[in-house]
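# Results of the structural survey
Chain by chain, the residues:
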4 protein chains.
Amino acid sequence: MCAIVGVINSADAAKTAYYALFAMQHRGQEASGISSCDNDGIIRTIKNRGLVTEVFNKDSFEILKGRMAIGHNRYATAGSDSLLDAQPVAANYALGSISIVHNGNLIDKDKTRQELIQNGAIFASNMDTENIIHLIAQHKSHSLKDRILYALNNITGAYCLLIQSRTKVFAIRDKYGVRPLSIGKLKDGGYIVASETCAFDLVDAEFIRDVKPGEMITFEYGKDGFKSEQIFTPDPRICAFEYIYFARPDSIIDGKNVYDVRKNMGRVLAKKSKTKADFVIPVPDSGVAAALGYAQESGLAFEAAIVRNHYVGRTFIEPTQELRNLKVKLKLNPMHSVLQGKSVIVIDDSIVRGTTSKKIVELLRHAGVKEIHFKVACPELKYPERYGIDTPSFEELISANKNIEQVRKYIGADSLEFLSIDELTSAIGNERKYSLVSFDGDYFIK
Amino acid sequence: MCAIVGVINSADAAKTAYYALFAMQHRGQEASGISSCDNDGIIRTIKNRGLVTEVFNKDSFEILKGRMAIGHNRYATAGSDSLLDAQPVAANYALGSISIVHNGNLIDKDKTRQELIQNGAIFASNMDTENIIHLIAQHKSHSLKDRILYALNNITGAYCLLIQSRTKVFAIRDKYGVRPLSIGKLKDGGYIVASETCAFDLVDAEFIRDVKPGEMITFEYGKDGFKSEQIFTPDPRICAFEYIYFARPDSIIDGKNVYDVRKNMGRVLAKKSKTKADFVIPVPDSGVAAALGYAQESGLAFEAAIVRNHYVGRTFIEPTQELRNLKVKLKLNPMHSVLQGKSVIVIDDSIVRGTTSKKIVELLRHAGVKEIHFKVACPELKYPERYGIDTPSFEELISANKNIEQVRKYIGADSLEFLSIDELTSAIGNERKYSLVSFDGDYFIK
Amino acid sequence: MCAIVGVINSADAAKTAYYALFAMQHRGQEASGISSCDNDGIIRTIKNRGLVTEVFNKDSFEILKGRMAIGHNRYATAGSDSLLDAQPVAANYALGSISIVHNGNLIDKDKTRQELIQNGAIFASNMDTENIIHLIAQHKSHSLKDRILYALNNITGAYCLLIQSRTKVFAIRDKYGVRPLSIGKLKDGGYIVASETCAFDLVDAEFIRDVKPGEMITFEYGKDGFKSEQIFTPDPRICAFEYIYFARPDSIIDGKNVYDVRKNMGRVLAKKSKTKADFVIPVPDSGVAAALGYAQESGLAFEAAIVRNHYVGRTFIEPTQELRNLKVKLKLNPMHSVLQGKSVIVIDDSIVRGTTSKKIVELLRHAGVKEIHFKVACPELKYPERYGIDTPSFEELISANKNIEQVRKYIGADSLEFLSIDELTSAIGNERKYSLVSFDGDYFIK
Amino acid sequence: MCAIVGVINSADAAKTAYYALFAMQHRGQEASGISSCDNDGIIRTIKNRGLVTEVFNKDSFEILKGRMAIGHNRYATAGSDSLLDAQPVAANYALGSISIVHNGNLIDKDKTRQELIQNGAIFASNMDTENIIHLIAQHKSHSLKDRILYALNNITGAYCLLIQSRTKVFAIRDKYGVRPLSIGKLKDGGYIVASETCAFDLVDAEFIRDVKPGEMITFEYGKDGFKSEQIFTPDPRICAFEYIYFARPDSIIDGKNVYDVRKNMGRVLAKKSKTKADFVIPVPDSGVAAALGYAQESGLAFEAAIVRNHYVGRTFIEPTQELRNLKVKLKLNPMHSVLQGKSVIVIDDSIVRGTTSKKIVELLRHAGVKEIHFKVACPELKYPERYGIDTPSFEELISANKNIEQVRKYIGADSLEFLSIDELTSAIGNERKYSLVSFDGDYFIK
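The written sequence of each chain sets the order in which its residues are numbered from 1. All chains are assigned letters beginning with A, and all ligands numbers beginning with 1, in the order in which they are written. Thresholds applied to this predicted model are a pLDDT of at least 70 for local features of residues and 80 or more for the giving and counting of side-chain atom pairs; totals over whole chains, interfaces and linings are not thresholded and use all residues. To obtain the side-chain values, all non-hydrogen atoms of the structure were used and water was disregarded.

Turning our attention to the packing of helix α9 (residues 258–272) of chain A against helix α10 (residues 288–298) of chain A. All names here are of chain A. The N-to-C vectors of α9 and α10 enclose an angle of 45°; their axes lie 6 Å apart at closest approach. Between α9 and α10, the crossing angle belongs to the class labelled oblique. Both α9 and α10 take part in a crossing whose hand is right-handed. Here α9 contributes Tyr259, Arg262, Lys263, Gly266, Arg267, Leu269, Ala270 and Lys271 to the contact with α10, which in turn contributes Ala289, Ala290, Leu292, Gly293, Tyr294, Gln296, Glu297 and Ser298. Each residue belonging to the contact of α9 with α10 can be placed in one class, and the counts come to 7 nonpolar, 4 polar and 5 charged. Throughout, an axis means a line fitted to C-alpha atoms (over the contacting stretch in the case of helices), and angles, computed between N-to-C directions, take values from 0 to 180 degrees. Comment: elements are numbered from the N terminus, with helices defined as DSSP H or I runs of at least four residues and strands as E runs of at least two. Angle categories: roughly parallel below 35 degrees, roughly antiparallel above 145, roughly perpendicular from 65 to 115, and oblique for all the rest. Left-handed describes a crossing in which the near helix is turned anticlockwise from the far one by less than a right angle; the clockwise case is right-handed. Only heavy atoms matter for contacts: two residues are in contact if any of them lie within 4.5 Å across the pair. Three classes are used, and their members are as follows: Ala, Val, Leu, Ile, Met, Phe, Trp, Tyr, Cys and Pro are nonpolar, Asp, Glu, Lys and Arg are charged, and the others, Gly among them, are polar.

Rendered as structure tokens:
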């Protein structure tokens, strides 16, 4: 789960990429990187564990000083504990230097990796991005574009890719368009490509359009504009999770404002609900937009009755024995004076393992809440996502193993309600298809 | 502007102080410190620039391992750029070791400092806290309490003090009670004293009562309970600013929940306002509670239409020339799709210099807002506060130099409304007196 | 120019490798690394820029906890400024995990690299070590040994290699034995292989024997002893530079103690010299042993009249304009009171660019020396070494461009004398052949 | 045990102080600091734990940019583990700002401290330097010089002091001249005062003269030259330990070159010794000069048979159980091939606790030495020094508790010889008196 950015034909390209990554950084990113191709044709990369504000300093931009740059933000996930798993991935190969960033997931990656390895390739990391770079390197064409097409024809999965050579940046979105990718125009005439349009706002870029499913956009050093090629027949299935919880609320994905969609999910929840309560409270910040929608639809008051502490960092000092539930409490504090003796509707965006929801319910009970009606602005999460969102395995997904009543008992709420799959799609908009694998198990990319 | 904490007769006192400081840390603190008195009677102090999560690590608590501890968080302010200006201030003096933390401001500090210096004292820092420790050191009594009383009788100002000796912790609040200070009871029988009650929630402490204006509370090592003495005749004047913007919304100050008070301020604003608009938006996070109150009172919708980025850190990479207004934009992004063509009521807690408000208005205009009605949940800030809140000088306070219409023009809003002083006090509660110097210039401590 | 170590079948193998690297670290190493294979069969690597004491800490050895480990120390050289150029190089390939360290230089590396790249390989660094790992990965055998032999048959150059798999460590020395490699036995029954025997002293290992030119030694996890195979017909040509300046004086290389050899070089210099002088002084620390030999042979007094400061670190504060020659002066200070008005014989191990020698002569003149007779314990350096010692190019080697009289004038000495090539080999021992390319230009590996 | 420096009326004074401290830094300094008075009259101080190369960076000299500076290097000692114990000590007092550095030790410091404390002073550190600054602050004169004289008249002990005000630097040496202090002239016309003359060599300063025992030198901002006043009747007793081991060998103390004196100590040892041996070896680096003197006098060969590793840093990775004597072995490695079967004379500068000597003897035995004749270039250390050298207490000084034969047995040597006190003074030069308290217990400052 990550964010990518490319900046082309712009002064201080790496700096603009830095600010774009900064704007898209809202989930405690564990690794960040930028590579830039200088006028000398050498691609230089700086990447490390940590937020962009931790990885980069003034000196970084003395090194990354070209007019092209690509960058990457990785969200903290299990299993990728290594510095080597930071992107961009850069390498020397037959046609010179190249660097790649990837948002998404290749579903046949282990098979391809094994084939590549049996064929003599070596892998330095666990990232499927290395598959792509090996496929590009192994093809024999003198044209990087041909090599990229060869690579794309030999991978299956969800991907938005940015590929930087000495003279070009390619932006590619898979035919389903599972992950978002948009093009913006910078004030100095250059272009920016980014996972989330909120990046454009910070760097004063004008939104041009989305990269289309199955499209390859080519930017060339020193040339104005860009070239579009439809390299795969589109079969759009944007990931519903981008709307549900991954994107920032101020991003626009394939024409739809995320905040509006989330409010709509809350409205749909309210429409079907008969729950009586004193007011609605969100789990901050994930449930805020849906809770506002719920409140507006139901006419109930919205109260910001759980306060979130944003200073939670990496350092963890083991607490004294007395302090229970510390991890959730460090972040969230329900206000006793507001909640004491009340019936409340609590809105969150999803329930994954159920452990956090359970702790929130405990904290609310401790704060004196009388009735807790927990409402979730998406359907039950029954299947692991495999297209770039790191949802856990079947064993860990609570709704894969318990029905709604069992989940309710586990988390300790007085009632529990989810959106149905149809309600979800109607809330986003029924004119298109979505990737809904986590809810319906229809793994359409195999 | 800071937060203080003391923990007494509790295992891992310093750790509990750490978590309490963590809970009260919500304004980018620039310096943090804790000192703890071990069983060997030696007071050890760790302090440095930075948030508590930056200053302390696991090893810190190997050093700070007594059953008493006091701690301090300093909010970023001008002029205190030195490590030496971190607290606690610790020293050896005639009766042994001592350490002090101070929240507030001594108004006669320069005169006292000069007198002390002329008398032969040396000062290592610019903190007025050093005055207090010198006064304690120079008195000749064998009783620390007598020395403290002597010091208190020779200073004027607003203060909450925690003073730790080998065997005792004294908690003192000035006779006006300008700054808040509350007592809680820990689960293991120990006590905690803290500036804000939100600290109690995190460490599972039960709120006992506030320290009263003019009261000195004495905790003794190994003795249960605490002793109370009314050392000054109380003349309560709690600082209105604690309610307006300094305290965390989940704190309770002298019996009043801050979130409720802020919502009330919004309600009062709404009651007097005739403004028509499509919806109400807060400046996050400072204006959220008042905006909710305004929305509830007015019946207008509340929209979280400005998104705040919480990852703004210390490192500042100079942006490209193209990026204007970067400092505010790094934090705040208004949603175009929500705001385009709308009339909005924007709520913030206060206007100080006016520069941030001006930039917010610009960002909103850029996002397509048609009409911007800026409403402020406190009166015009016309006088520098001198009792512990670091408001700037007359020259910098925009409302000290411009009337409402001129301020409106400067920030570029279509209309601008403040609370009156009476409305403010009625919103907090008219049964008591408040420190309102910033609004009325009544410097009651001279 | 580097040092390598392998530890096999020993508890805390990585820690032992760390101490061995520490012992061999005497030239401001710029990068250090260790990889260890744990019982789980996973090879973990920690490497970074800096001395071993900077790269490793207590936590490192929680990660590197297997009973096998290989390590690497790189001496500061031009052109390898990247973190990626640190070793060990680790990769996943067809037979699992592998890591490699390499001391030496492949002379056909660019050609091989181009062939590999044309064949589809990608390179992440500029190290020739990557060639070897690619050759191993591309061979099709199920036997790692066969793959290694294939790789060795497709590279040309000077190398000592340690290759670690899940179950084995291979130690290989090229047929010329240009670089040294020795086997030692640890007290707990395990083995250590290292570039320099001084490593054995620190870790209490007993010297067993040298790895022979053209020999491959195989250590197997859990099996006692080791297997020897002569994989190439030996043609020994140990590098004379190891004796001249690279090895620590307390190392024994192919049976000869380095300190003794260096003293011998000084003796040979003295035997042919007719120079009269008050005493002999070394350039510390490089010329100490030769100067002692010279003094003992000539009967002249040895004086430690140049004091070396060992605290020169990385941080470089630009000096004031007044301070000339600072870089050399930071390290070396001649004692005026000892040197004033004297005729001295100055001994150093070699003259490379001549710039340092020139500055030393200036410092000695400034200290009042009357006559400076500069004597060098090796022949004129006329050809770039290409087998692992990073000597500079023809253009930079002063003796490639100037005769002795011209060099003398350049450095400003009153006389200048070198060893002849024959004198050098007789000083080391004429029973064997040596790699002497820097002196005679006989590039026997092509 | 420390080094001090002052630079006056010179551009980049702090930088010159930095290099001077660097030159004098040869014992793993644990704390370093410089304070500089800028044209604005404000004294700024940067100090921290660590070597100067660790404490200062480029930015430091943006802050310390005046034409006057004083600096301090503290040698690692027991008991001063705090950052607060770094110097310079700076303070604001009645006449403005002041900073002080101190080399030496006040013997009545606890009494004075108690008096000051009883009088109302507070102490932030454990340094006796704070006594001096308090005495200066408490006097009532408008003349800093009068205050300094008052302070000096109220302390007893060994001291070299540098005191910096807004306009002056005072350099003061106690009447015994126990610690050294010399004046040099910089190339740009400014002056430098330093503990060791080796500092002058690095910064291209010309030695002018020593500060005399009992003399106060006054440098004034913007005025050429300096003023001398004999403020105490001199009674010279320079500390013998400066010659024995503390100073760098290239320093000149009160007219005598340290290297020459140390060689002389070795010569005197040789003259009285009848020991037969194969050669002489020093304990590096402390015993080198004396060993050279011994070798020259005795006609025995000098061999650098123990190799010292200079890369020992702070980080300590706990070794495996197998590695015995690690701390000494990390630093020193005797060469087996040179030592095997030999009779050797080992020279060191002193024996303090005996533990290091014992381990060196063990290492030599392990290297196969047949006979070890340990000779010490100073008398038996029977009394704790109290005048600025941190020798341990009676209990820890081996020669305070054992006679020579017992010490020999303890360290395991075949013979052991010390200089007598008379031999020591004759080696330094009998025309003057020395501070010899460690040897004869004559504590002449009480």
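Let us look at the side chain of C:Ser60. Along the chain, the position of C:Ser60 falls in helix α3 (residues 60–63). Among residues more than four places away in sequence, those in contact with C:Ser60 are C:Ile46 and C:Val55.

Every contact between the two is made by 60 residues of chain B and, on the other side, 60 residues of chain A. What gets called buried area is simply the loss in accessible area from a 1.4 Å probe that two parts show on being joined, summed for both. Interface area for chain B against chain A, summed over the two sides, is near 5300 Å², with a carbon-plus-sulfur share of 58%. Here a salt bridge means any side-chain nitrogen of Lys or Arg lying within 4 Å of a carboxyl oxygen belonging to Asp or Glu. Our enumeration of links across chain B and chain A arrives at 4 salt bridges. B:Glu303 is the salt-bridge partner of A:Lys263, the closest N and O atoms lying 2.3 Å from each other. Identification of polar contacts relies on pairs of N or O atoms within 3.5 Å, with a donor-acceptor requirement for protein atoms, meaning one able to donate a hydrogen and the other able to accept it, and with residues adjacent in sequence counted only if both atoms are side-chain atoms. Where chain B touches chain A, the interface holds 22 residue pairs in polar contact (both at pLDDT 80 or more). Mapped onto the side of chain B that touches chain A, the elements with two or more residues apiece are α1 (13–24), α7 (198–202), α9 (258–272), α10 (288–298), β18 (301–302), α11 (326–331) and α12 (336–339) of chain B.

In this chain, C:Pro284 is followed by C:Asp285 through a cis amide linkage whose omega measures -10°. You can see C:Asp285 is positioned in the loop between β17 (279–282) and α10 (288–298). Of note, the phi angle at B:Asp204 is positive, near 60°, even though the residue is not glycine. Checked against the element boundaries, B:Asp204 lands in the loop between α7 and β11 (206–210). Residue D:Asp12 is not a glycine yet carries a positive backbone phi of 55°. Inspection of the secondary structure assignment puts D:Asp12 in the loop between β1 (2–8) and α1 (13–24).

Bringing the sheet that holds strand β5 (residues 89–93) of chain B into the picture now. Residue and element names in this part refer to chain B. Think of it this way: DSSP has to see at least two bridges between two strands before they count as a pair. Reading across from one edge, β5-β6-β7-β8-β12-β13 is the order of the 6 strands in this open sheet, with antiparallel pairing throughout. The open sheet has two edge strands with one neighbour each: β5 and β13 (227–230). The average undirected angle you get between the axes of adjacent strands in this sheet is 20°. In terms of strand pairing, strand β12 (residues 215–220) meets β13 through 4 bridges, oriented antiparallel. Along β13, the bridge assignment pairs Met216 with Glu229. Its contacts with the sheet place helix α6 (residues 144–153) against β5, β6 (96–106), β7 (157–164), β8 (168–173), β12 and β13, and it is angled at close to 25° to β8.

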